[in-house]
Amino acid sequence: MSIRAAEGCVPCAFGDGIAIFDTSSNSYFSMNAVGEFVWSQLGQPITLEDLVGRVADRYRVDPAVCEGDIRKLVDDLAAHRLVTLS
């Protein structure tokens, strides 16, 4: 599975994280600093495995520890149509 930020999503700083404005629905989705890092990785298609690896490296955690959280975040982003999955 490949993940990529959807067209029409505009990131902006929000507190200690990020808010993504979806121009097609005129809605915002906010994320913490980890979510901001995840979003920064979605400019080009990336696999879930590679994304988990990058988060694990960045935050120095075992990939098995963060995989469930990253999978949930990706699912939430997909449910809000902020990413495309292929």
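Because the structure is predicted, anything quoted here is derived from the model rather than measured.

## Topic: the packing of aromatic side chains
Evaluation of the coordinates by the stated rule reveals 2 aromatic pairs. Their ring planes at 85 degrees and their centres at 6.0 Å tell us that Phe-37 and Tyr-59 sit as a pair that is edge-to-face. You can see Phe-37 sitting in helix H1 (residues 33-40) and its partner Tyr-59 sitting in helix H2 (residues 48-59), a full 22 residues away along the chain. Overall, the relative accessible area of 33% leaves Tyr-59 in the partly exposed class.

## Things to note about the environment of Ser-40
By the element assignment, Ser-40 lies in helix H1. Expressed as a C-alpha distance, the spacing of Ser-40 and Ala-6, which sit 34 residues apart in the sequence, is 13 Å. Engagement of the side chain of Ser-40 in a polar contact is seen with the backbone oxygen of Phe-37, the distance being 2.6 Å. Polar side-chain contacts of Ser-40 include one of 3.0 Å to the side chain of Gln-41.

## Quick look at H1
Listed as buried for H1 are Gly-35, Phe-37, Val-38 and Trp-39. Near the N-terminus of H1, the side chain that reaches the backbone nitrogen of Val-34, with its oxygen 3.0 Å away, is that of Asn-32.

## Details of the nonpolar core
In terms of nonpolar packing, the biggest core is built from 25 residues, with Ile-3, Met-31, Trp-39, Leu-42, Leu-51, Ile-70 and Leu-77 touching the most fellow members. When near neighbours in sequence (up to four residues on either side) are disregarded, Met-31 contacts Gly-17, Ile-18, Ile-20, Glu-36, Trp-39, Leu-73 and Leu-77.

Scoring rules and cut-offs
- Residues numbered from 1 in each chain as written.
- Predicted model: local features only at pLDDT ≥ 70, side-chain atom pairs only at ≥ 80, totals over all residues.
- Heavy atoms only, no water.
- Phe/Tyr/Trp six-rings, centres within 6.5 Å; stacked < 30°, edge-to-face > 60°.
- Helix = DSSP H or I, 4+ residues; strand = E, 2+ residues; numbered from the N terminus.
- Buried < 20%, exposed > 50% of the residue type's maximum accessible area, 1.4 Å probe, protein only.
- Polar contact = N/O pair within 3.5 Å; in protein donor to acceptor, adjacent residues only side chain to side chain.
- Core = buried A, V, L, I, M, F, W, Y, C linked by side-chain atoms within 4.5 Å.
- Contact = heavy atoms within 4.5 Å.

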